[in-house]
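Inside the fold
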Amino acid sequence: MSFISRREASTPLLDQVQSPQHLRRMTTDELAALADELRTEIISVVSETGGHLGSSLGVVELTVAIHAVFDTPRDTLIWDVSHQCYPHKVLTGRRDRMRTLRKKDGLSGFTRRSESPYDPFGAAHSSTSVSAGLGFAVARDMAGGTEDVICVVGDGALTAGIAYEGLNNAGDLNRRMFVILNDNNMSISPPTGAVSDHLNDLVSRTDTLAKERSLFEHMGFQYHGPVDGHDVKELVAVLRKLKSESTGPVLLHAVTRKGAGYSFAETSHDKYHGVSKFDISSGKQSKAKARAPSYTKVFANALVEEAKHDDRIVAITAAMAAGTGVDVFAKQFPERTFDVGIAEQHAVTFAGGLAASGMRPFCAIYSTFLQRGYDQVVHDIALQNLPVRFAIDRAGLVGADGPTHAGAFDVGYLANLPNFTVMAASDEVELTHMVATAASHDTGPIAFRYPRGEGVGLEMPDKAVALPIGKGRIVEKGNSVALLSFGARLSECRQARAQLAAEGISATVADARFAKPLDQDLILDLFSSHELLVTIEEGATGGFGALVLHFLAAKGMLDGRCDIRTMTLPDSFIAQAAPAEMYDEAGLNAAQIAETVRNALLTKRTENRRLHAIPGNRENYVQLAHRAEDR
């Protein structure tokens, strides 16, 4: 199947649509034709912007039918995860901005409350729609309203516990709401688990017994289906019937195909879940030539190497096998690989059980998704001091996916836990060594974080070696300013050093490696031998810099002998943009590091001159500056 560009395509029906109200005046034949035009539009847009194509193509007909039947935005429509929301955005007055998708100051790739009244509840993490929808339904009933609530949730999302918490509560409260199960038998990775088997059984059996066997009927929902999720006429008829007759919670089971209507997506192993810009006629994606292997690939290869020599090593992922590199491990060690579905809580505690049994589990989860399993990290892992290895991908800012996927908080929420060791890789070589360090660390839980994207292009070592716990390294030596980096801002620190050197400012650059335990000797040396120490990290306040401040305060050293600045992500959520643009907004690029140094030195030296100018104050100042030696 081939498509022509938007500029050449004829979309007479779509051109009439300024809002969903226009759909409600169309016949079902027109709605079916509109769906074809909408699919062409989505393919054209994403070919220019990149993004979540396969999931959006899979819900084109569902989107048209829902907006034709229900009175959005008066009726509340919630998209679970919402990476499939591109057709929804086109139909809700945002068509003219679709080519700004996932760009700086452009449309989000997910639903966002601040973007449109048609986005009543934001998302990007999975399985939240039923819980949120039930909240809207209860609030409606308490206010005496009559509007409807519709939640569209994928089969992959039903591998997460919160989905069942919502279904359980909704079935018990018996409030009128509609849950549409978008069953495409595909998450980001192929589906896993008994729930997928149950849905497949429901699809294969259309008799009354199937309905009686439905899990959803037993949870208090009226189960309807399965129906063809690509038949607009059938969808409209079924939704109108359910809307007019239903009084309590309803689940409509719609069977769809991820990537539907675009052959290259339908035949791809990942159904073009997430794509870069591509040529429509060939399906070929235009990816820039890599200058270095990605951190994800480096992690995967390093883990494979460790596992070749240790059959206790196993890998766990939460429905992100390709995203975390666990798919590479699975090809080598399928019996030692576990994709548990979108179930981070289970993944963490499952890893705990493995560790308690003498295995060496690596739990590979994005920073933003590990947040979903935090109680398990605390209660099941840290409290019991179990040696689970957490490989934390997507540390820091991640670009087009925006704030919902940023890895901003893991340092703070892990380093404050007793028994934890927390590392951050400054480059791809360091990452291989951290994998080896984690593999050999059996005295408690250990985590290492690394960013999205390419490494810096270093030559890889023949063999990774375990790092000494709690020891950083000096990368470049200076004498005036110390730049202490935790994580992948190290390359920016080195660039800042070069900028400062051109101005006559000599800077030491150090790689902390560990946030916990801190390299206390390194910090004391830097603090006592420089007039300014700056910590730099790709994380929120309360992380590495705060730990350094706590340490120095406990030592009684924050008395003016050396100035200190901490550079972190700001106390705000940074919208999607290119990573360099996001870090520029965060103030963590080389030029801003150098500017922080200049401003701090200027302030310090101005204050020193002021103190020296006060009669009788010079002696006191000298004593203050040498207090470390007095100790």
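Structure report, in brief.

Rules behind the numbers
- Residues numbered from 1 in each chain as written.
- Predicted model: local features only at pLDDT ≥ 70, side-chain atom pairs only at ≥ 80, totals over all residues.
- Heavy atoms only, no water.
- Pairing = 2+ DSSP bridges.
- Helix = DSSP H or I, 4+ residues; strand = E, 2+ residues; numbered from the N terminus.
- Axes fitted to C-alpha atoms, helices over the stretch in contact; angles between N-to-C directions.
- Contact = heavy atoms within 4.5 Å.
- Phe/Tyr/Trp six-rings, centres within 6.5 Å; stacked < 30°, edge-to-face > 60°.
- Buried < 20%, exposed > 50% of the residue type's maximum accessible area, 1.4 Å probe, protein only.
- Lys NZ or Arg CZ within 6 Å of the ring centre and 35° of its normal.
- Parallel < 35°, antiparallel > 145°, perpendicular 65-115°, else oblique.

Right, let's get into the sheet that holds strand E13 (residues 481-486). The strand order E12-E14-E13-E16-E17 describes an open sheet built from 5 strands, whose pairing is mixed. Because the sheet does not close on itself, it has two edges, and the strands there are strand E12 (473-476) and strand E17 (563-567). This sheet shows a mean twist of 25 degrees between the axes of neighbouring strands, independent of strand direction. Pairing analysis gives 6 bridges linking E13 to strand E16 (residues 532-537), with the strands arranged parallel. Within E16, the position partnered with Ala482 by the bridge is Leu533. On top of the sheet, helix H21 (residues 490-501) reaches E12, E13, strand E14 (507-511) and E16; it is set at about 175 degrees to E14, its chief contact.

A separate point is the packing of aromatic side chains. Counted under the stated rule, the structure contains 18 aromatic pairs. Considering the side-chain rings of Phe70 and Phe178, the 5.4 Å spacing of their centres and the 55 degrees angle between planes classify their relative orientation as tilted. Of this pair, Phe70 sits in the loop between helix H4 (60-69) and strand E1 (76-79) while Phe178 sits in strand E3 (residues 177-183), and the two are 108 residues apart along the sequence. For Phe178, a relative accessible area of 4% puts it in the buried group. Put simply, the rings of Tyr262, Phe264, Tyr272 and Phe278 touch in pairs and so form one group of aromatic residues. Stacked on the ring of Phe333, the Lys or Arg Arg336 has its end atom at 4.3 Å from the ring centre. The ring of Tyr583 has Arg489 lying over it, and the distance from NZ or CZ to the ring centre is 3.7 Å.

Our next topic: the packing of helix H6 (residues 129-143) against helix H7 (residues 161-173). Describing two packed helices takes the angle between their axes plus the distance from one axis to the other. Two elements in contact, H6 and H7, have axes separated by 8 Å at closest approach and are oriented at 30 degrees. Here H7 runs roughly parallel to H6, going by the angle between their axes. Between H6, through Val130, Ser131, Leu134 and Val138, and H7, the contact on the second element is made entirely by Ile162, Gly166, Leu167, Asn169, Ala170 and Leu173.

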